[in-house]
Amino acid sequence: MTTVATSARERMLLAKDASRSIGLLDGATKEQLLHAIAARLEADTDDIVAANAEDLERGREQAIGDALLDRLRLDRPRVAALADAVRAVAELPDPVGRVLDERVLPNGLRLQKVAVPFGVVGTIYEARPNVTVDIAALALRSGNAVVLRGGTAAERTNAALVRSMRGALSELGCDPEAVQTVDEFGRDGARELMRARGIVDVLVPRGSAQLIETVVTESLVPVIETGAGVVHILVDASARADWARDIIVNAKAQRPSVCNAVETVLVHRDAAERVLPGVLAALAEAGVTVHGDESVVRMHPAAVPAGEEDWATEYLSLDLAVRVVDDLDDALEHIRRYSTHHTESIITEDPGHAERFLAEVDSAVVMVNASTRFTDGGEFGFGAEVGISTQKLHARGPMGLAELTSSKWLARGDGQIRA
């Protein structure tokens, strides 16, 4: 039964109540629930796409930009992909109840540390309707209720998605209040969500650096910080030219509006003349605007001269900063200065340089000879992701089901007392 709530706080309290029953569901029931959500999303595709069309039209009128419009768009194939992602999450092992540690004390007291749901997971995000479904699916599969604040840009789309998911919960006799949105309360809803300490157990922001910074600094609820992606690829002196070309074009142009797209390419001076011409030509063919240092501009006159701000910019567009560096030390220093600690990759055939890069780069994901686009929960086998955590406490990198659980100790005794 659905309860009509008149405030964001009431919605969150309903989620808190629902989390108790959701947290007690067994793995098979949660799996069945997610399959029901996937089927309902497919059945409601026409309504979802129609709602999304309204959001897209409003976004174009408000000139929100191509990157946000791309993230906002939900056509029939993307809705089908969302349903498939929910099914993939359903098939993952239940993270709840895993035994993380166990021991027997000298007095015979038996201890087990087991994984348990957080309770209520909140999230604040922008123009990303896929997050509405991904986080709800992950939350429910891990026994949590969820409170969503998806922003005004996707308000109609998110409302349609939430209706579908709540409908699936009701059909299976589960409490639909386990999926809540506070979108209709606007910025006041977001503020209430950030202040809901004791009701919401953890808050995950996803979006621009400004949004994430706001949530991290203003929230009273514990936050798992997901970061902006000033992502680097280093072309080492020994890099294969074909690998450099293919990896960089894929990392930039396949989908430039996402956080794992490369934003800065560093090229070892000893590889520049051999590798850069082919890379720059392929980037131009893909429609990428290069922002280059003096060496790059000399080699590629179409490049825009890069300024200091380019090295710190997450473009989220078909723009790419390219700089020639003197050596590996120079590259590592650049990454230390400008990285947001999301993902960095090196293209090299030097095992020593590869291992040094892996050891010294302090980012959530560090790669060798691979596109940064692989930093993704689905690609890592998590089915979907809550986000890419760039912090170091509790979770780091792509966050899946395990990262939406906490733990508790269970002690079973036979009358023991402490001396």
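Labelled according to an unreviewed UniProt entry, the protein chain appears under the name Gamma-glutamyl phosphate reductase, originating from Microbacterium lushaniae. In the Subcellular location (unreviewed entry) part of its UniProt record, the protein chain is described as follows: "Cytoplasm". The heading Function (unreviewed entry) in the UniProt record of the protein chain holds the text "Catalyzes the NADPH-dependent reduction of L-glutamate 5-phosphate into L-glutamate 5-semialdehyde and phosphate. The product spontaneously undergoes cyclization to form 1-pyrroline-5-carboxylate."

1. Thoughts on the pattern of salt bridges
Where charged atoms from two side chains of opposite charge approach closely, those side chains can pair. For the coordinates displayed, the defined rule picks out 30 salt bridges. Linking Glu57 and Arg60 is a salt bridge whose minimum nitrogen-to-oxygen distance equals 3.5 Å. Within this pair, Glu57 and its partner Arg60 are both found in helix 3 (residues 45–61), separated by three residues, close to a single helical turn. By relative accessible area, Glu57 is classed as partly exposed at 39%. Residue Glu360 pairs with Arg356 through a salt bridge whose shortest N-O separation is 2.6 Å. With Glu360 and Arg356 both in helix 15 (residues 351–360) and four residues apart, the pair spans about one turn of that helix. Residues participating in the shared-partner salt-bridge network are Arg40, Asp44 and Glu171.

2. Here we look at the nonpolar core
Ranked by internal contacts, the top residues of the largest apolar core, which has 69 residues, are Met12, Ile37, Val86, Ile124, Leu140 and Val179. Considering every element that reaches this core, the biggest residue donor is helix 6 (residues 129–141), with eight residues. Sequence-distant contacts of Val179, defined by excluding residues within four places in its chain, comprise Leu140, Val146, Leu148, Val162, Met165, Arg166 and Leu169. Of all hydrophobic cores here, the second largest spans 28 residues; its members include Val249, Val267, Leu276 and Ala282.

3. Some points on the domain arrangement of the protein chain
Domain boundaries in the protein chain define domain 1 (8–225 + 398–410) and domain 2 (232–379). Taking the mean C-alpha position of each, domain 1 and domain 2 sit 33 Å from one another. The junction of domain 1 with domain 2 conceals about 550 Å² of combined surface from both sides, 50% of it contributed by carbon and sulfur atoms. Counting the surface domain 1 buries against domain 2, the share from its top three residues, Ala67, Arg71 and Pro398, is 73%.

4. Digging into the sheet that holds strand 12 (residues 343–347)
The parallel open sheet is built from seven strands, whose spatial order is 10-9-11-8-7-12-13. On the outer flanks of this sheet lie strand 10 (304–305) and strand 13 (365–368), each paired with one strand and no other. Alignment of strand 12 against strand 13, held across four bridges, turns out to be parallel. The residue of strand 13 that forms the bridge with Ser345 is Met367. Across the sheet, helix 15 lies against strand 7 (231–235), strand 12 and strand 13, angled at about 175° from strand 13, the strand it touches most.

5. Some remarks on the side chain of His342
Inspection of the secondary structure assignment puts His342 in the loop between helix 14 (328–338) and strand 12. With residues up to four places along the chain from it excluded, the contact list for His342 reads Gly227, Ala228, Gly229, Val231, Cys259, Asn260, Ser363, Ala364, Val365, Thr375, Ile388 and Thr390.

Definitions and limits used
- Residues numbered from 1 in each chain as written.
- Predicted model: local features only at pLDDT ≥ 70, side-chain atom pairs only at ≥ 80, totals over all residues.
- Heavy atoms only, no water.
- UniProt positions renumbered as here; feature names shortened; annotations may be inferred.
- Salt bridge = Lys/Arg side-chain N within 4 Å of Asp/Glu carboxyl O.
- Helix = DSSP H or I, 4+ residues; strand = E, 2+ residues; numbered from the N terminus.
- Buried < 20%, exposed > 50% of the residue type's maximum accessible area, 1.4 Å probe, protein only.
- Core = buried A, V, L, I, M, F, W, Y, C linked by side-chain atoms within 4.5 Å.
- Contact = heavy atoms within 4.5 Å.
- Domains from an automatic or database assignment.
- Buried area = accessible area lost by both parts, 1.4 Å probe.
- Pairing = 2+ DSSP bridges.
- Axes fitted to C-alpha atoms, helices over the stretch in contact; angles between N-to-C directions.

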